[in-house]
Amino acid sequence: MRALVTGASGFVGQHLLAHLAEQGDDAVGLDRSGTPSLDITDPGVVATTIADLRPDAVYHLAGLSHVGESWDAPQSFMAVNAIGTLNVLQACERSGVRRVLVIGSADEYGLVDPADVPIAETTALRPMTPYGASKVAADFLALQAFLGRGVPAIRVRAFNHTGPGQPPRFLVPSLAHRIVAAERAGLDEIVVGSLDAVRDILDVRDVVRAYRLLVTDGTPGEAYNVCSGRGVAVHEVADLLLANTPRALRLVVDPALVRPIEVPVLVGDATKITGATGWTPRYELEQTLADVLESFRAQPT
Ligand code: A2R
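Residues numbered from 1 in each chain as written. Predicted model: local features only at pLDDT ≥ 70, side-chain atom pairs only at ≥ 80, totals over all residues. Heavy atoms only, no water.

### Observations regarding the nonpolar core
Stage number 1. Counting residues in hydrophobic clusters, the biggest one holds 36 residues, and the most contacted among them are Tyr59, Leu101, Tyr211 and Val226.
Stage number 2. Listed by contribution, the elements that provide at least two residues to this core are β1 (2–6), α1 (11–22), β3 (57–60), β4 (99–105), β5 (153–158), α6 (204–217) and β10 (223–226).
Stage number 3. A per-element tally of this core places α6 first, with seven residues.
Stage number 4. Discounting residues that sit within four places of it in the chain, Val226 has contacts with Val156, Arg157, Ala158, Phe159, Leu202, Val207, Ala210, Tyr211, Leu214, Ile273 and Trp279. (Core = buried A, V, L, I, M, F, W, Y, C linked by side-chain atoms within 4.5 Å. Buried < 20%, exposed > 50% of the residue type's maximum accessible area, 1.4 Å probe, protein only. Helix = DSSP H or I, 4+ residues; strand = E, 2+ residues; numbered from the N terminus. Contact = heavy atoms within 4.5 Å.)

### Digging into the pairing of β4
Stage number 1. In terms of residue burial, β4 counts as a mostly covered element, since six of its seven residues are buried.
Stage number 2. With four bridges joining them, β3 and β4 adopt parallel strand pairing. Across the sheet, His60 pairs through a bridge with Val102, a residue of β4.
Stage number 3. Between β3 and its parallel partner β4, the chain crosses via helix α3 (residues 74–95), and the hand of that crossover is right-handed.
Stage number 4. Pairing between β4 and β5: six bridges, direction parallel. Looking across to β5, one finds that Gly104 is bridged to Arg157. (Pairing = 2+ DSSP bridges. Right-handed = clockwise from strand over helix to strand, strands pointing away.)

### Brief notes about α1
Stage number 1. Between the first and last C-alpha of α1 there are 18 Å, a value that for twelve residues agrees with the 16 Å anticipated at 1.5 Å per step.
Stage number 2. Within α1, burial applies to Phe11, Val12, Gly13, His15, Leu16, His19 and Leu20.
Stage number 3. At its buried positions, α1 is contacted by β1, β2 (26–30), β3, β6 (161–162) and α6.
Stage number 4. Positive backbone phi, approximately 85°, marks Gly24, located one or two places after α1. (Expected span 1.5 Å × (residues − 1).)

### Side note on the pairing of β10
Stage number 1. Alternating residues of β10 divide into Ala223 and Asn225 and Tyr224 and Val226, and every residue in both groups is buried.
Stage number 2. In the sheet, β5 pairs with β10 via four bridges, with the strands oriented parallel. Residue Arg155 lies in a different strand from β10, and its bridge partner there is Ala223.

Structure representation (structure tokens):
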């Protein structure tokens with residue numbers, strides 16, 4: 001299969017390209033910073049790039065991905081995540097792309113009624129963050145493209161994912177990075193933000209496998225959660241990471257790191273994707289966390 005990955009130099013893009021190569025796909029990865037560059041906010045560039053490449057499938061990963069940063073730049077998040085997705089969908093329609101995977105987020109569900117956990121795809125979308133709203137817009141642009149124009153778009157609602165290569169501004173690598181820095185400096189404590197949020201955390205290597213299976217076996221127009229179904233509180237994640245260090249480290253909450261508004265619980269129901277593709281996660285969280293710690297230990301200071 002000939003595939004185009006947008007946002008290819010990002011965290012997930014690099015893992016996805018490796019997986020597609022392993023599976024024997026002919027995959028091209030483009031990003032706004034590469035040569036040639038693909039800036040998804042430029043509809044002309046997106047249209048000519050997709051028309052020239054003529055991929056069978058587009059994995060549309062490009063986007064602004066940091067929930068916390070979206071509070072300071074809601075316009076940029078809408079421009080890239082929503083309008084950028086519209087540009088990709090229109091280009092896919094014109095070029096007759098057979099599948100386009102639009103990557104949304106668990107943050108689209110936002111403030112969920114506890115009775116709706118684990119969250120199924122039928123749960124109301126009530127985003128609390130500008131990031132979540134921009135992904136709802138992308139999700140509905142994909143649905144409209146399918147219903148109104150027949151674009152074979154598959155909508156993903158990806159729950160938290162982590163793994164080697166994720167930058168330290170995200171939850172798990174930020175904790176792992178601080179633990180490794182404390183090991184090296186001989187410190188006794190690390191600072192943390194909110195410890196109460198409950199999340200459904202996948203390994204990125206399971207996530208990219210799910211994305212390819214959705215492209216091959218998913219149904220156009222449908223939305224699919226990509227999740228484990230298991231909820232863990234941030235303090236449990238911290239404890240699992242601390243179990244992998246020889247130092248006795250205390251967690252100290254720094255109020256400056258606590259987000260003013262945080263979605264309290266996001267745990268998904270994976271029944272739909274498992275039924276459609278047979279996918280289930282293979283990595284245990286303990287393994288993923290150990291791999292992230294090791295990736296920081298392997299880096300020079
Ligand atoms: O910000 P950069 O220069 O590192 O590039 C990011 C790229 N990107 C864009 N590409 C084309 N045109 C744009 N206007 C544009 N704005 C950003 O998307 C980066 O290489 C990639 C996103 O990678 P990460 O931030 O590492 O996100 P991750 O974790 O790989 O997530 C992939 C997708 C995103 O749509 C997330 O919102 C979703 O999965 O969870």
